Amino acid sequence: MLKKILMGSALLSASFFVNAGKTNNAIIDQLMVDEEYGMVFIRAIGDTENQPECSGNGQWSYVLPLNSEIQKGTMTSFLLSAYMGGKRIQLIGKNSCDTFSSIETLKRIEFVSQ
């Protein structure tokens, strides 16, 4: 029974991930941190797909809330490293604009080989 529940949870999680916005071969073009909002705004140039309808902001591609230690530390460091080094990355959103109403919330960052 537990195995079926875990499998169902994994499939449900995968379905949310499939529909999430994604930017492949992304170059970080602009980053902004605003103390008032407590988040990092990200503009990326790359091949975008599956952007959610709520993500209609023309300036920013994703937003990263600074609520957890992984967001404040690791994810922010990944973004800065990619920006400063001009490295290509893959950005994957949460398929929702729950952090900022017109910008998809960032869920994952992957470095890709050049």
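Whatever comes next refers back to the structure up there.
Small disclaimer: the values here were computed from a predicted structure and weren't measured. (Residues numbered from 1 in each chain as written. Predicted model: local features only at pLDDT ≥ 70, side-chain atom pairs only at ≥ 80, totals over all residues. Heavy atoms only, no water.)

1. Some details on the sheet that holds strand β1 (residues 22-34)
Hydrogen bonds between backbone groups are what pair the strands of a sheet, and the pairing can be parallel or antiparallel.
Step number 1: An order of β1-β2-β3-β5-β4 is seen for the five strands of this closed barrel, with the pairing classed as mixed. The mean inter-strand angle of the sheet, taken between neighbouring strand axes irrespective of direction, is 50°.
Step number 2: Here strand β3 (residues 62-65) runs beside strand β5 (residues 104-111); their pairing, made up of two bridges, is parallel. What sits directly across from Tyr 62, in β5, is Glu 104.
Step number 3: In the packing of helix α2 (residues 69-85) onto the sheet, contacts are made with β1, β2 (39-49), β3, β4 (89-93) and β5, and the angle to β5 comes to roughly 65°. (Pairing = 2+ DSSP bridges. Helix = DSSP H or I, 4+ residues; strand = E, 2+ residues; numbered from the N terminus. Axes fitted to C-alpha atoms, helices over the stretch in contact; angles between N-to-C directions. Contact = heavy atoms within 4.5 Å.)

2. Focus on the nonpolar core
Step number 1: Ile 28, Ile 42, Leu 79, Leu 91 and Leu 106 are the most contacted members of the largest nonpolar core, which has 14 residues in total.
Step number 2: The residues touching Leu 91, leaving out its near neighbours within four places in the chain, are Gly 21, Lys 22, Thr 23, Ala 26, Ile 28, Ile 42, Ala 44, Tyr 62, Leu 79, Leu 106, Arg 108 and Ile 109.
Step number 3: Counting five residues, the second largest nonpolar core, distinct from the first, contains Phe 41, Trp 60, Val 63 and Ile 103. (Core = buried A, V, L, I, M, F, W, Y, C linked by side-chain atoms within 4.5 Å. Buried < 20%, exposed > 50% of the residue type's maximum accessible area, 1.4 Å probe, protein only.)

3. Here we look at the pairing of β4
Step number 1: Across the five residues of β4, five count as buried, placing the element largely inside the fold.
Step number 2: On β4, burial covers both faces: Ile 89, Leu 91 and Gly 93 on one face and Gln 90 and Ile 92 on the other are all buried.
Step number 3: Here β1 pairs with β4 via three bridges, running antiparallel. Within β4, the residue paired with Thr 23 across the bridge is Leu 91.

Purely geometric stuff here, so don't read any function into it on its own.
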